[in-house]
Amino acid sequence: MKNHKLSFQESKGPIKIAISAAETSGDLIGSKLIKSLKKQKSNVSIEGLAGDKMIAAGCVQRWDQKQINVMGFSEVLKKLPFLLRLRKLIIVYFSNQKPDVFIGVDAPDFNFVIERKLKSQGVKTVHFISPSIWAWRQFRIKKIKQSSDLVLCLFPFEVDFYQAHNQRALFVGHPLAQSLLPRKSHIKTKNILLMPGSRQSEVKRLLPEMLLAAKIMLVQDPMLTFHLALANDELLNWATTQVENIPVEISLGRAHACMLNVDLALVASGTATLELALVGVPMVVVYKLSSVSYFIALILVKSKYISLPNIIANKNLVPELIQNNANGNNIAKHAMVIMSRDNKTLIKEFNAIHQQLNLGSSDESARIIYEFINE
């Protein structure tokens, strides 16, 4: 997919890169990009809105990411005056500094405004990690075209969407494909991993159904064992009471380690589905929203599938159980079918996804950014 054609000339003098990562996930991805930028060019200065990982990678922190890393409508509303002031400060600062490029790392609602203002002043802008515009709120393409000279995409199908709308975009691969490798010669363990998500609302909706599925499955095969991977200790006490007398081991923040030794995962739709596919773990994907949110999603979401493995492959690789279908009986039924087969064909499909996404995302992105600066 490396069909980009960017001219390259060696830049003269120090390269000034501005960057903004407004979320914890952006700090991790941003830090890897900064390492690659520093590795490829010694005469570069990078500064901006950064977290601890980006600082460690060599970014000068002008503003602390921890001040604005908020989730949820009510939290954002409380901090809105501060967020608006900070965004204005960033715009004014980089308007005066005139960097060679501004890189907005994810956080589109925060970064697109900065990009748009700087672009109007002649600063080159890159948005690293496309929002899921191909799936929902496609009207945002107008804002993206006004804001970003170049969008760097983690998935190949995203480029097709942008090209259809005359927006410059390039596929750089996915960072997770560098850190998560396919399992070799997995031996069946009869262990099943429960991954109900990271947000309180989704865990509370999905975990009871997953546990009901576990009960049903144990009746059919008492040798099965279950492991619940929680993102943090926020719901540990609640989850412990939900488990009751079901033989379920609970761990915190160890999902990647747990994936290596399971035959199957029951997983909330999200990035975790891609992580499982990259490792090579069969899965049943579940997705459940409030009635109001689901109604809105039906209107806004344009994607045929909800799980990343199916979206990337553009076919039904893994079962997707949505809303009322995401119940214990259905989950157990699909899970037992998967447990009864060898899944070799599925694992080949997962390996193909890994190969497709494993381009060395950070190094590739840094190379493209330098070529873009020197056009």
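Relevant structure appears above.
Presented here is a report on the structure given in the accompanying data block. (Residues numbered from 1 in each chain as written. Predicted model: local features only at pLDDT ≥ 70, side-chain atom pairs only at ≥ 80, totals over all residues. Heavy atoms only, no water.)

1. Observations regarding the sheet that holds strand β6 (residues 150-153)
To keep things clear, this is the line we draw: Pairing between two strands requires that DSSP report at least two bridges joining them. Helix numbers and strand numbers start at the N terminus; a helix is a DSSP run of H or I with at least 4 residues, a strand a run of E with at least 2. Between N-to-C directions, angles span 0 to 180 degrees; the directions come from axes that are lines fitted to C-alpha atoms, helices contributing only their stretch in contact. Contacts between residues were defined by any pair of non-hydrogen atoms, one from each residue, lying within 4.5 Å.
Judged by pairing direction, the sheet is parallel, and its seven strands sit side by side in the order β3-β2-β1-β4-β5-β6-β7 without closing on themselves. One side of each edge strand has no neighbouring strand; the edge strands of this open sheet are β3 (60-64) and β7 (169-171). The mean inter-strand angle of the sheet, taken between neighbouring strand axes irrespective of direction, is 20°. Note: β6 against β7, three bridges, orientation parallel. The residue of β7 that forms the bridge with C153 is F171. This element, helix α1 (residues 24-40), spans β1 (15-21), β2 (44-50), β4 (101-105) and β5 (125-128) of the sheet and lies at about 175° to β2.

2. Brief notes about the pattern of salt bridges
As a reminder, the rule being used: Salt bridges are counted wherever a side-chain nitrogen of Lys or Arg sits within 4 Å of a carboxyl oxygen of Asp or Glu. Burial status follows relative accessibility: with a 1.4 Å probe on protein chains alone, a residue under 20% of its type maximum counts as buried, one over 50% as exposed, and anything between as partly exposed.
Taken as a whole, this structure holds 11 salt bridges when the rule is applied. Here D64 makes a salt bridge to K66, at a shortest N to O gap of 3.9 Å. In this structure K66 comes out as exposed when scored by relative accessible area, which is 52%.

3. Re the nonpolar core
In a soluble, globular protein the nonpolar side chains are often hidden away together inside. Filter applied, for reference: By nonpolar core is meant a set of buried Ala, Val, Leu, Ile, Met, Phe, Trp, Tyr and Cys residues that side-chain atoms within 4.5 Å join together.
In terms of nonpolar packing, the biggest core is built from 75 residues, with I17, I103 and F128 touching the most fellow members. Among all residues touching F128, those that are not within four sequence positions of it are I29, L33, I103, G104, V105, D106, L152, L154, V172, S361 and S365. Within the second largest apolar cluster, 33 residues are counted, among which are V203, A213, A326 and I331.

4. A few points about the packing of helix α8 (residues 200-220) against helix α14 (residues 328-339)
Short version of the rule: In these notes the angle categories are as follows: under 35 degrees is roughly parallel, over 145 is roughly antiparallel, 65 to 115 is roughly perpendicular, and the rest is oblique. Each crossing gets its hand from how the near helix is turned against the far one by less than a right angle, where anticlockwise is left-handed and clockwise is right-handed. Following the grouping adopted for this structure description, the nonpolar residues are Ala, Val, Leu, Ile, Met, Phe, Trp, Tyr, Cys and Pro, the charged ones are Asp, Glu, Lys and Arg, and the polar ones are all others, Gly among them.
It is at 8 Å that the axes of α8 and α14 come closest, and there the two elements cross at 50°. As far as their axial angle goes, α14 and α8 are oblique. Where α8 crosses over α14, the handedness of that crossing is right-handed. Here E209, M210, L212, A213, I216, M217 and Q220 of α8 come into contact with α14, specifically with G328, N329, I331, A332, A335 and M336. In terms of residue class, the contact of α8 with α14 is built from nine nonpolar, three polar and one charged.

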